[in-house]
Amino acid sequence: MLDVAVARARILEKLSHCGPETVSLASACGRVLAQPLTARLSNPPVSVSSMDGYAARTEDAKQGATLTVIGEAPAGHPTPLTHKAGQCIRLFTGSQIPAGADTVLIQENIERTGTQATLQAAGRKGQFIRTQGQDFTAGQPLLPAGKALSARDIGLAAAAGHVWLPVARKPRIGVLATGDELILPGDPAKPDSIVNSGALMVTAYLNSIGAEATMLPIARDNMASLSGAIAHAAHLDLLITIGGASVGTYDLVRDALKPHGLALDFWKIAMRPGKPLMSGHLGTTPMIGLPGNPVAAMVCSLVFVAPAVQTLMGLPVPTELCTEPAILGADVKENDKRQDFLRCTLSPQPNGQPPLATPFASQDSAQLNILAQSDALLLRAPFAPAQNAGAPCQIIRLP
């Protein structure tokens, strides 16, 4: 059985970037920027007022002085007027600073009668003025390639004059569940029927992390059905199969895929849950075969498929699993040769201490209710000794 870290590395080393595509600014949130973003415009494009008030010359802006109001310049309507000695112009937030002015006197400090404005406080040069390019200037680098775009980034790109953005294409992933016992929600059920929850869960998870995942029709436990399902894989960037990769009589995925060009890399790893994990290529299409039990399928998706999606989108993937410290909330037994990923709950601790991670007593890989109640996966290394509650541990938070 292959070590988890080795299996993860071998899956990722065979994947390549899906390439870029161009999308509208309104559709780019959450996408991965494919090229560095530079500003096409300066922000602000001209010097503008940051307050409602009056533009004036600093030498005229003395406390007690009375200036003549010669006009106004609402935002979006700059004035052609130029300041002369003893004059001011009415401005509003966002108004362009008129020629000759170098200060803004806020309206709260002005006593106005007709066209006369008396200053209750002196003005300073540059006060309440947002200078041209104060935020950024045209040609300035703003965002690096490989950044997942947030709503704030979309605002920045819009202000910088962008309408379209080059982003990493979403990986097209097909999720193919296998098994005669599987049905879709709402289908007529036999006594031993099982709803295809694993494929629905994995597909939803992959879409939530940026993939374009589609649940393919269920393949039945016969060579004809499995072979027919492979036709859906031709256009994919990654094929995910669920079930049929173990050693039972009806675990036919490997045999069904071989005539279609399956190049198998490995199919067993030293982890629990998730031992019967398969990896290889179907022709030119990378494929990962997940275990049939839904909890194992989800855990393996977190450990192996999520970093594969990141790699396909051109995102950096750390070599090690992203874990964080916690404190054991219950005793755990010594471990065998497989790395354990135990479902657990987290409880906050006082004084900034790591959370308390309490594993469930039952860790059966078919128990979705326990998975839904869990906050994290508690990691235990192969051959780890027994540990008592209160000992330090490592966790992976569940999405």
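In this text the structure is predicted, and so the values were computed from the model without any measurement. (Residues numbered from 1 in each chain as written. Predicted model: local features only at pLDDT ≥ 70, side-chain atom pairs only at ≥ 80, totals over all residues. Heavy atoms only, no water.)

Visitor: Now, about the sheet that holds strand β17 (residues 238-242): what can you tell me, with residues and values included?
Guide: Working definition: the strands of a sheet are paired by backbone hydrogen bonds and lie parallel or antiparallel to each other. With mixed pairing, the six strands of this open sheet are ordered in space as β16-β13-β17-β21-β20-β18. Across the chains shown, the open sheet's two edge strands, defined by having one partner strand only, are β16 (212-215) and β18 (262-266). Shown here is a sheet whose adjacent strand axes are inclined to one another by a mean of 25°, direction ignored. Sheet topology places β17 next to strand β21 (residues 285-290); four bridges connect them, and they run parallel. Its bridge partner lying in β21, threonine 241 is registered against glycine 289. Against the sheet, helix α3 (residues 197-208) makes contact with β13 (172-177), β16, β17 and β21, and its axis sits at roughly 165° relative to β16, the strand it touches most. The strands touched by helix α6 (residues 294-312) are β13, β17 and β21; relative to β21, the strand with the most contacts, the crossing angle is about 165°. (Pairing = 2+ DSSP bridges. Helix = DSSP H or I, 4+ residues; strand = E, 2+ residues; numbered from the N terminus. Axes fitted to C-alpha atoms, helices over the stretch in contact; angles between N-to-C directions. Contact = heavy atoms within 4.5 Å.)

Visitor: Could you give an account of unusual backbone geometry, with specific residues and numbers?
Guide: Each neighbour pair has its own omega, and for asparagine 43 with proline 44 the value is -5°, a cis peptide bond. Within the secondary structure, proline 44 sits in the loop between β2 (37-38) and β3 (48-49). With an omega of -5°, the peptide bond running from arginine 272 to proline 273 counts as cis. Here proline 273 is to be found in the loop between β19 (271-272) and β20 (278-282). Even without being a glycine, asparagine 351 presents a positive backbone phi close to 60°. Considering the arrangement of structural elements, one finds asparagine 351 in the loop between β23 (339-347) and β24 (356-359). Residue classification places asparagine 351 among the exposed residues on the basis of a relative accessible area of 76%. (Buried < 20%, exposed > 50% of the residue type's maximum accessible area, 1.4 Å probe, protein only.)

Visitor: How would you sum up the pairing of strand β4 (residues 53-56)? Please name residues and give values.
Guide: Relative to strand β6 (residues 87-91), β4 is paired through three bridges, and the arrangement is antiparallel. Bridge pairing in β6 links alanine 55 to isoleucine 89. Bridge analysis of β4 against strand β7 (residues 103-106) gives four bridges, and the strand direction is antiparallel. Across the sheet, residue alanine 56 finds its bridge partner in β7, namely threonine 103.

Visitor: Requested: an account of the environment of lysine 268, with residues and values cited.
Guide: With respect to the secondary-structure elements, lysine 268 resides in the loop between β18 and β19. By relative accessible area, which is 33% here, lysine 268 ends up partly exposed. Along the chain, lysine 268 and alanine 391 lie 123 residues apart, while their C-alpha atoms are 31 Å from each other. Not counting the four nearest positions on each side in its chain, lysine 268 is found in contact with Met1, Leu2, Lys275 and Leu277.

Visitor: How would you explain the nonpolar core if you had to name every residue and give the values?
Guide: The biggest cluster of nonpolar side chains holds 51 residues, and the ones touching the most others in it are Leu206, Ile240, Leu290 and Phe304. Of all the secondary structure elements, the ones that give two or more residues to this core are α1 (4-12), β13, α3, β17, β21, α6 and β25 (376-380). Of all the elements, α6 adds the most residues to this core, at 13 residues. Sequence-distant contacts of phenylalanine 304, that is, excluding residues within four places in its chain, are made with Val4, Ala7, Arg8, Ile11, Ile269, Met271 and Leu277. Core analysis: the second largest hydrophobic core is formed by 16 residues, Leu216, Ala233, Leu262 and Met278 among them. (Core = buried A, V, L, I, M, F, W, Y, C linked by side-chain atoms within 4.5 Å.)

Visitor: Could you give me a rundown of empty space enclosed by the protein, with the residues and numbers involved?
Guide: Going through the model one piece at a time under the given rule, you end up with two cavities of 30 Å³ or more. Considered as a void within the structure, the largest cavity measures approximately 50 Å³ in volume. Every residue lining the largest cavity is listed: Arg10, Ile11, Lys14, Leu15, Leu238, Ser279, Gly280, His281, Pro286, Met287 and Ile288. Within the residue set of the lining of the largest cavity, elements represented by two or more residues are α1, β20 and β21. Taken as a whole, the second largest cavity spans an internal volume of roughly 30 Å³. Along its surface, the second largest cavity is lined by Leu176, Thr178, Leu226, Ile230, Thr241, Val253 and Leu257. When its residues are assigned to classes, the lining of the second largest cavity shows five nonpolar, two polar and no charged. (1 Å grid on protein atoms, 1.4 Å probe; cavity = no way out; pocket = protein on both sides within 12 Å on 5 of 7 lines; lining within 4 Å. Points joined across faces, edges and corners; volume = space filled by probe spheres on them. Nonpolar A, V, L, I, M, F, W, Y, C, P; charged D, E, K, R; others polar.)

Visitor: Explain the sheet that holds β7 to me, using residue names and the numbers behind them.
Guide: In spatial order, the strands read β7-β4-β6-β5-β9-β8; together these six strands make up an open sheet with mixed pairing. Each edge of the sheet is formed by a strand with only one pairing partner; in this case those strands are β7 and β8 (110-113). Neighbour-to-neighbour, the strand axes of the sheet open up by a mean angle of 40°, direction not taken into account.

Visitor: Break down the packing of α1 against α6 for me, citing the residues and quoting the values.
Guide: At their nearest, the axes of α1 and α6 sit 10 Å apart, and the two run at 30° to each other. With respect to their mutual orientation, α1 and α6 come out roughly parallel. The two elements α1 and α6 meet at a crossing, and its hand is right-handed. The segment α1 lies against α6, with Val4, Ala7, Arg8, Ile11 and Leu12 engaging Val303, Phe304, Pro307, Ala308 and Thr311. (Parallel < 35°, antiparallel > 145°, perpendicular 65-115°, else oblique. Left-handed = near helix turned anticlockwise from the far one by under 90°.)

Visitor: Tell me about the environment of glutamine 87, and please be specific about residues and values.
Guide: Summarising the element assignment, glutamine 87 is placed in strand β6. Residue class for glutamine 87 comes out buried when judged on its relative accessible area of 19%. Linking glutamine 87 and isoleucine 240, residues 153 residues apart in sequence, is a C-alpha distance of 73 Å. If we ignore the near neighbours within four places in the chain, the residues touching glutamine 87 are Ala55, Ala56, Asp60, Leu67, Thr68, Ile70 and Thr82. At 3.0 Å, the side chain of glutamine 87 and the backbone nitrogen of lysine 84 are in polar contact. (Polar contact = N/O pair within 3.5 Å; in protein donor to acceptor, adjacent residues only side chain to side chain.)

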